[in-house]
Amino acid sequence: MRRPTRAGWRRGAVVAVSAVCVAYAPIAMTELWPYARPGAPAYGEWLLGRAVSPRYVADALATRIGPYRHSLLPMIVHSVLGGLLMLLGPAQLLTAARGRPRAHRILGVVFAATVYASMAGAGLYLARTAPADAFSGAAFWIVLAVILVGTVFSVTFGVLAAVGGFPDLHQRWMLLCYGFLLTAPLLRLEWGALPWLLPGLPMTDVNQVAITHLGSVVALGALVASRTLDRRGRLAGAGRTWAPLPVLVPAHLAGAAALAWIGHALLATAGPGRRLLWAYLLPYAVAYAVMAVGARRAGRQGRAWAREEWLLHLTGLCLAPVLSAGSAPLLERGLGLDPYTALVAGVSIGGGVLAFTATAVVSLRVMYAREVLRRAAPAVTAAVSPVGGTVS
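Residues numbered from 1 in each chain as written. Predicted model: local features only at pLDDT ≥ 70, side-chain atom pairs only at ≥ 80, totals over all residues. Heavy atoms only, no water.

Caption draft 1: Geometry of the overall build of the protein. What the protein contains, in helices and strands, is 15 helices and zero strands. Taken over C-alpha atoms, the radius of gyration comes to 23 Å for the protein, in line with the 21 Å a tight globule of 392 residues would show. Taken over the C-alpha atoms alone, the protein extends approximately 85 × 55 × 50 Å along its principal axes. Going through the 392 residues of the protein one by one, you find that 45% of them count as buried. For the protein, restricting intrachain contacts to residue pairs at least 6 apart in sequence, the fraction spanning at least 24 positions comes to 75%. (Helix = DSSP H or I, 4+ residues; strand = E, 2+ residues; numbered from the N terminus. Rg over C-alpha atoms; globule rule 2.2 N^0.38 Å. Buried < 20%, exposed > 50% of the residue type's maximum accessible area, 1.4 Å probe, protein only. Contact = heavy atoms within 4.5 Å.)

Caption draft 2: Broad picture of the side chain of Glu 190. Along the chain, Glu 190 turns up in helix H9 (residues 183–197). Those residues within four positions of Glu 190 in sequence are excluded, and the remaining contacts are Pro 195, Val 206, Ala 210, His 213 and Leu 214.

Caption draft 3: Seen up close, the packing of helix H5 (residues 72–97) against helix H6 (residues 101–128). Packing of H5 against H6 leaves a shortest axis separation of 8 Å and a crossing angle of 155°. On the basis of their axis angle, the class for H5 and H6 is roughly antiparallel. Our pair here, H5 against H6, has a crossing hand that is left-handed. In terms of residue class, the contact of H5 with H6 is made up of 19 nonpolar, 10 polar and one charged. (Axes fitted to C-alpha atoms, helices over the stretch in contact; angles between N-to-C directions. Parallel < 35°, antiparallel > 145°, perpendicular 65-115°, else oblique. Left-handed = near helix turned anticlockwise from the far one by under 90°. Nonpolar A, V, L, I, M, F, W, Y, C, P; charged D, E, K, R; others polar.)

Caption draft 4: Representation of the environment of Leu 259 within the structure. In this fold, Leu 259 is placed in helix H12 (residues 245–267). Residue Leu 259 is classed as partly exposed on the basis of its relative accessible area of 21%. Separated by 160 residues in sequence, Leu 259 and Gly 99 have C-alpha atoms that sit 44 Å apart. Residues within four places of Leu 259 in sequence aside, it is in contact with Tyr 280, Leu 281, Tyr 284 and Pro 321.

Caption draft 5: Quick peek at the layout of surface pockets. Within this model, the second largest pocket holds a volume of roughly 370 Å³. Lining the second largest pocket we find 21 residues, and of these Ile 27, Gly 44, Leu 48, Arg 188 and Trp 191 sit closest to its centre. Among the elements of the structure, helix H1 (6–30), helix H3 (43–51), helix H4 (54–69) and H9 are those that each provide at least two residues to the lining of the second largest pocket. For the lining of the second largest pocket, the residue count by class is 15 nonpolar, two polar and four charged. (1 Å grid on protein atoms, 1.4 Å probe; cavity = no way out; pocket = protein on both sides within 12 Å on 5 of 7 lines; lining within 4 Å. Points joined across faces, edges and corners; volume = space filled by probe spheres on them.)

Caption draft 6: Representation of the environment of Ala 358 in the model. Inspection of the secondary structure puts Ala 358 in helix H15 (residues 339–382). Expressed as a C-alpha distance, the spacing of Ala 358 and Val 155, which sit 203 residues apart in the sequence, is 16 Å. For Ala 358, the contacting residues outside a window of four places in its chain are Leu 312 and His 313.

Caption draft 7: Structural view of a nonpolar patch on the surface. A contiguous nonpolar surface patch, about 440 Å² in accessible area, is contributed by Trp 242, Leu 364, Met 367, Tyr 368 and Val 372. The topology assignment puts Val 372 in helix H15. (Patch = residues over 30% accessible without salt bridge, like charges linked within 9 Å, V, L, I, M, F, W, Y side chains within 5 Å. Areas by Shrake-Rupley, 256 points an atom, 1.4 Å probe, with all protein chains shown as cover. Salt bridge = Lys/Arg side-chain N within 4 Å of Asp/Glu carboxyl O.)

Caption draft 8: Here's a closer look at the packing of helix H11 (residues 214–229) against helix H14 (residues 304–335). Closest axis-to-axis distance for the H11/H14 pair is 11 Å, and the angle between their directions is 170°. As the angle between them shows, H11 and H14 are arranged roughly antiparallel. When H11 is examined against H14, the residues Leu 223, Val 224, Ser 226 and Arg 227 are found in contact with a partner set consisting of Trp 305, Ala 306, Glu 309, Trp 310 and His 313. Looking at the contact of H11 with H14, its residues break down into five nonpolar, two polar and two charged.

Caption draft 9: Spatial organisation of helix H8 (residues 167–181). Helix length check: H8, at 15 residues, gives a terminal C-alpha distance of 21 Å against a target of 21 Å (1.5 Å per residue), a fit within 8%. Of all 15 residues that make up H8, 12 are buried, and the element is covered over most of its length. For H8, the set of buried residues is Asp 168, Leu 169, Arg 172, Trp 173, Met 174, Leu 175, Leu 176, Cys 177, Tyr 178, Gly 179, Phe 180 and Leu 181. (Expected span 1.5 Å × (residues − 1).)

Shown next, in the form of structure tokens:
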């Protein structure tokens, strides 16, 4: 039997993600119908009731009615348009892969407009709902707000990159944007899977487990997709690395210290703390291994640009626990949260925020390299005669 090639793995990943998106679209579009009209069909509830139990779904429905009551229309708009985005994403990948720029641009405009409208609906819900009153509590509210901001800024930077003539950066920002959008179907998958691993866990607690790693998981997926699509070995004009040892070593030390503090703080709480710590650490370790191996392999192959991007994201990953540990007391004081809720919120937003920051640093790296080449071009031209000889 032939071993799968890299192209085969890439094709399989695209098919799998597209299948998840297409399958989730009708679930998203009908999810909130029962809140507006009791008894209305909702495919997600039907599937979840058979995957777990009808009581599990009924309890979840009861806990969501209150938070959604005052923002039902904006949330319906958000969920219906979110389902449309699940269909537009694979369509965008297809038009890009098939080399159809006109269709890609038209669908891109529709995609961006739909993101803004969908996020506006979610924003109204968050603005009208106090963090403590939100479904699954204040930590979940904070994570939703951070994902919303990350999604809006990612699509905005993606559009600006396309207009500015940076197709590689456009690709990275749009993949990150779609990664943030994929937190919705991935959360639903955890709604169905985690009750089997942790029997008796209500959906509100499942959400607490899921938010500790969903941001990091989707950001890692966007990075792997970007690195797979970018086959350049070197970036012209890049020069020295922006992630030398004097940067990497302090980032690793600070990250290790912050991880130790987070672990101690979570273990000092009641039973849920240990569960959340494992839910946070295992995906974190996988992400670290993927980035470290990717950077090492690229270095051995002499692919300087690939190594640089892996290292920049690895630096961001190391600093994510530092942001989480530092933001916990700020959230506690700023929003009046209890220490445990503030800690869970801080842990949950660190990975996504630093992945966004790392993508921004990569973008600055690319734009700086282009500026170096632009400034070097007149000097090269002046040093060459009109007939190709060197000026003495």
